[in-house]
Amino acid sequence: MNTPSLVPPARIGFIGLGQMGLPMARSLARTGYRIAVHDVRREALERACDAIGAEAPGSLRAIGERCDAVITMLPDGNAVQAVALGSGNGGDSLLAGLQAGAILIDMSSSSPVGTRELGAQLAGRGVAMLDAPVSGGIKKAVEASLSIMVGGDAASIARCMPLLEAMGKQIFLTGPLGSGHAMKALNNYVSAAGLAAAAEAVLAGQRFGLDPVNVVNILNASTGMNNSTLNKFHQYILSRAFNSGFSLDLMVKDLKTALEVASASGSPAPFGEACVQAWCDAQAALGPGVDHTAVVRYWEKLAGTELGRKA
Ligand code: NAD
């Protein structure tokens, strides 16, 4: 049986209205979907209702009852499981309300192992699941031009494609459930390794007498260029703004997930292990709640030199 695509004005649940979730939910609302929202932070919930005209039915169960599809954009897979199944929410859960035939789309960067376990539990109740994590940060979330990596069965993906197209520009099908989350973690490992390598290089260059602004410009015109040298060093690091909107804690979570993927597939990753350790050390040294671009301050502490100042 062909189930119809989820096109506007279908009612969509959206759980997690933080840096990414709010602009993504806004993109759906602009396209004509009716949005039912939930967040543990009252101010985030009120802002979403005011800013995008969403409704807040007051419980996860009520969102499940009203919606054919629910999107989660939460810090990690543990939060997604708690929301879906009810642990730690006083028994409230999406699953208590979702009808057979509904779909949960987890767009958070979650662990693929946990995603597969959750997918199996939902399938036992007739609820489908997709993993559809995103890349592109707040800017692309606002522009509805995210890259989206989608894992799951073909029929559910086809059904949800109009929703995904309302938030993203490049939509990649990665394979079965969990493959999108594995891909996302591997992407963030490569991204974090590039940022760390550039941090060490720019700092060493400055201490050797080079101008750090010039170092970044030359990297960007040469083979050492990467996403961090292009889009993060001038903007958030040398400017000392450290406000990209993606936290160091979330990046460390993704890096640990990437190592899980390597380990689960029996793939050696000596460089990855060293990189993840460095990011964990930075997290311990800098404390919670800082932006991921502030990771360079860890290398600055080790070197006793601040980027942009004379060594
Ligand atoms: P965030 O911390 O800004 O937002 C998370 C939201 O989830 C918050 O509003 C929080 O109150 C809410 N929340 C947490 N636990 C909850 C629960 N149990 N029930 C309901 N609400 C809950 O995080 P973010 O930066 O928006 O990231 C969300 C996800 O997207 C993460 O998995 C992150 O790794 C990923 N991601 C972030 C970016 C980025 O640039 N910020 C880019 C790509 C992917």
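The preceding data block contains the structure.
Treat the numbers as computed from the prediction; the structure is a model and nothing was measured.

Asker: Even after reading the chapter, I still don't get the overall build of the protein, so can you show me in this structure?
Answerer: In terms of helices and strands, the protein carries 14 helices and eight strands. Compactness check: the protein gives a C-alpha radius of gyration of 21 Å against a globular reference of 19 Å for 311 residues, within 12% of the reference. Its C-alpha atoms give the protein principal-axis dimensions of about 65 × 45 × 35 Å. Here the protein holds 311 residues, and the buried ones make up 50% of them. As displayed, the protein has an accessible area near 14000 Å², and 55% of this comes from carbon and sulfur atoms. Positive and negative side-chain charges of the protein, numbering 25 and 25 respectively, have mean locations separated by a distance of 5 Å.

Asker: Teacher, can you tell me more about the site of the ligand here?
Answerer: Among the 23 residues in the neighbourhood of the ligand, the closest are listed as Gln 19, Asp 39, Arg 41, Leu 74 and Lys 253. For the ligand, an oxygen atom lies 2.9 Å from a polar atom in the backbone of Met 20. Bound to the protein, the ligand loses 87% of the 830 Å² it would expose on its own. Put simply, the ligand lies in the largest pocket.

Asker: When you look at the layout of surface pockets in this model, what are you seeing that I'm missing?
Answerer: Sizing a probe to match a water molecule and rolling it over the atoms shows the empty space that remains. Here the largest pocket is characterised by a volume of approximately 1400 Å³. Met 20, Gly 137, Ile 138, Gly 245 and Phe 246 are, among the 49 residues lining the largest pocket, the residues nearest its centre. Secondary-structure elements contributing two or more residues to the lining of the largest pocket are α4 (77–85), β6 (134–135), α6 (137–143), α8 (179–207), α10 (227–231), α11 (233–238) and α12 (248–264). If you tally residues by element for the lining of the largest pocket, the top one is α8, at five residues. Of the residues belonging to the lining of the largest pocket, the class tally is 19 nonpolar, 22 polar and eight charged. If you add up the space inside the second largest pocket, you get close to 210 Å³. Secondary structure elements with two or more residues in the lining of the second largest pocket: α4, α5 (112–123) and α12. Of the residues in the lining of the second largest pocket, the class split is three nonpolar, nine polar and five charged.

Asker: What should I look at first to understand the nonpolar core in this one?
Answerer: Among soluble globular proteins, nonpolar side chains are generally buried collectively. Phe 14, Met 24, Leu 28, Ile 105 and Met 107 are the most contacted members of the largest nonpolar core, which totals 37 residues. Sorting the residues of this core by element identifies β1 (11–15), α1 (21–31), β2 (34–38), α2 (42–52), β3 (69–72), β4 (103–106), β7 (146–151) and α7 (154–167) as the ones contributing at least two each. Setting aside residues no more than four positions away along its own chain, Ile 105 makes contact with Ala 69, Val 70, Ile 71, Thr 72, Leu 130, Ala 132, Cys 160 and Leu 163. Judged by nonpolar contacts, the second largest core, of 36 residues, contains Val 202, Val 215, Phe 242 and Trp 279.

Asker: Explanation requested: the pattern of salt bridges in the structure shown.
Answerer: Pairing between side chains of opposite charge can happen when the charged atoms of each approach one another. Taken as a whole and assessed by the stated rule, the structure comprises nine salt bridges. One salt bridge connects Glu 43 with Arg 41, and the closest N-O pair in it is separated by 3.5 Å. Its salt-bridge partner being Glu 300, residue Arg 240 comes within 2.8 Å of it at the nearest N-O pair. Note that Arg 240 is positioned in the loop between α11 and α12 and Glu 300 in helix α14 (residues 296–303), a separation of 60 residues in sequence. Relative accessible area serves as the criterion here: at 26%, Arg 240 is assigned to the partly exposed category.

Asker: Can you help me understand the pairing of strand β8 (residues 168–175) in this one?
Answerer: The side chains of a regular strand alternate between both faces of the sheet. Looking at chain direction, β7 and β8 are connected through six bridges and run parallel. Bridging from a neighbouring strand, Ile 148 pairs with Ile 171 of β8.

Asker: Would you take a moment to explain the packing of α1 against α7 for this structure?
Answerer: Helices that pack against each other are described as a pair by the angle of their axes relative to one another and the distance between those axes. Put simply, α1 and α7 touch, their axes get as near as 8 Å, and they point 115° apart. Judged on the interaxial angle alone, α7 and α1 are roughly perpendicular. In terms of crossing hand, the pair formed by α1 and α7 is right-handed. Contacts between α1 and α7 involve Met 24, Ser 27, Leu 28 and Thr 31 from the former and Leu 163, Ala 166 and Met 167 from the latter.

Asker: Would you explain the side chain of Thr 72 in this entry?
Answerer: Along the chain, Thr 72 falls in strand β3. Within polar-contact distance, the side chain of Thr 72 engages the side chain of Asp 106 at 2.9 Å. Excluding residues within four positions of it along the chain, Thr 72 makes contact with Ile 15, Val 80, Val 83, Leu 104, Ile 105, Asp 106, Met 107 and Ser 108.

Asker: What should I look at first to understand the environment of Lys 140 in this one?
Answerer: Along the chain, Lys 140 turns up in helix α6. For the pair Lys 140 and Gly 168, spaced 28 residues apart in the sequence, the C-alpha separation amounts to 8.1 Å.

Asker: What am I meant to see in helix α9 (residues 212–220) here?
Answerer: An α-helical segment advances 3.6 residues per turn. Residues three or four places apart therefore align on the same side. Among all positions in α9, only Pro 212, Val 215, Val 216 and Leu 219 are buried. One side of α9 holds all its buried residues, which, seen down the axis, span an arc of 95°. Looking at the buried residues of α9, the elements they touch are α8, α10 and α11.

Thresholds, definitions, all that
- Residues numbered from 1 in each chain as written.
- Predicted model: local features only at pLDDT ≥ 70, side-chain atom pairs only at ≥ 80, totals over all residues.
- Heavy atoms only, no water.
- Helix = DSSP H or I, 4+ residues; strand = E, 2+ residues; numbered from the N terminus.
- Rg over C-alpha atoms; globule rule 2.2 N^0.38 Å.
- Buried < 20%, exposed > 50% of the residue type's maximum accessible area, 1.4 Å probe, protein only.
- Areas by Shrake-Rupley, 256 points an atom, 1.4 Å probe, with all protein chains shown as cover.
- Lys, Arg positive; Asp, Glu negative; His and termini not counted.
- Charge placed at Lys NZ, Arg CZ, Asp CG, Glu CD.
- Near = heavy atom within 4 Å.
- Polar contact = N/O pair within 3.5 Å; in protein donor to acceptor, adjacent residues only side chain to side chain.
- 1 Å grid on protein atoms, 1.4 Å probe; cavity = no way out; pocket = protein on both sides within 12 Å on 5 of 7 lines; lining within 4 Å.
- Sits in = over half its atoms within 2 Å of the grid points.
- Points joined across faces, edges and corners; volume = space filled by probe spheres on them.
- Nonpolar A, V, L, I, M, F, W, Y, C, P; charged D, E, K, R; others polar.
- Core = buried A, V, L, I, M, F, W, Y, C linked by side-chain atoms within 4.5 Å.
- Contact = heavy atoms within 4.5 Å.
- Salt bridge = Lys/Arg side-chain N within 4 Å of Asp/Glu carboxyl O.
- Pairing = 2+ DSSP bridges.
- Axes fitted to C-alpha atoms, helices over the stretch in contact; angles between N-to-C directions.
- Parallel < 35°, antiparallel > 145°, perpendicular 65-115°, else oblique.
- Left-handed = near helix turned anticlockwise from the far one by under 90°.
- Arc of directions from axis to C-beta.

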